[in-house]
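What follows is each chain in one-letter form.
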Amino acid sequence: MTMRDTDRALVQAATAVAKLRCRSDNHTVAAAARTADGRVFTGVNVYHFTGGPCAEVVAIGAAATQGAGALETIVAVGDRGRGVIPPCGRCRQVLLDYFPSIRVIVGPADALRAVPVAELLPTEYVWADHQVDAGAGVPAPREDAAG
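Now for a look at the structure at hand. What you see is a predicted model; the values in this text were computed from it and never measured. (Residues numbered from 1 in each chain as written. Predicted model: local features only at pLDDT ≥ 70, side-chain atom pairs only at ≥ 80, totals over all residues. Heavy atoms only, no water.)

### Brief notes about the overall build of the chain
Part 1: When helices and strands are tallied, the chain shows 4 helices and 6 strands.
Part 2: Order of helices (α) and strands (β) in the chain, N terminus to C terminus: α-β-β-α-β-β-α-β-β-α.
Part 3: Taken across its 147 residues, the chain has 36% of its residues classed as buried.
Part 4: Considering only contacts within the chain whose residues lie at least 6 apart along the sequence, 54% involve residues at least 24 apart. (Helix = DSSP H or I, 4+ residues; strand = E, 2+ residues; numbered from the N terminus. Buried < 20%, exposed > 50% of the residue type's maximum accessible area, 1.4 Å probe, protein only. Contact = heavy atoms within 4.5 Å.)

What follows is the structure, encoded as structure tokens:
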């Protein structure tokens, strides 16, 4: 998909946060997400040896904290001038689950593009809790479960 001026501005916003806030091994990626009404929310990853939220998830949380509705577009940018980086598999799944129509900016600096998240995760995982058909693979209760 073609990059819009607002998409380029979103990349600039994430890049600015990466330059300003990603100054240690604990924070190496910044993300910026935009709502349909133009509000932008940013976040940085929180690295920890036990795992930690990626910048995209932190940006989603920041948007939720401010009462934002659906996010329209998101981008992640690496520290030390690494530029736009694609979301990891976990983030792709989170983005698809929360915002199935979100566009994700990916690609090299000279060929950035905004693509639907479904293109990045064409065969998504569906949680049993989210399946509406009783016969659609919902696990049966275990007979040996204490209870």
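Next, the rest of the story.
### So, the environment of Ala68
Part 1: Structurally, Ala68 can be placed in the loop between α2 (55-65) and β3 (71-78).
Part 2: Note: C-alpha distance between Ala68 and Val40 (28 residues apart in sequence) is 9.6 Å.
Part 3: Among all residues touching Ala68, those that are not within four sequence positions of it are Thr35, Arg39, Phe41 and Ala63.

### Section: unusual backbone geometry
Part 1: In the Ramachandran plot, Arg80 falls in the positive-phi region, its phi being about 50 degrees despite a non-glycine side chain.
Part 2: Position of Arg80 among the secondary structure elements: in the loop between β3 and β4 (83-85).
Part 3: With a relative accessible area of 69%, Arg80 lands in the exposed category.

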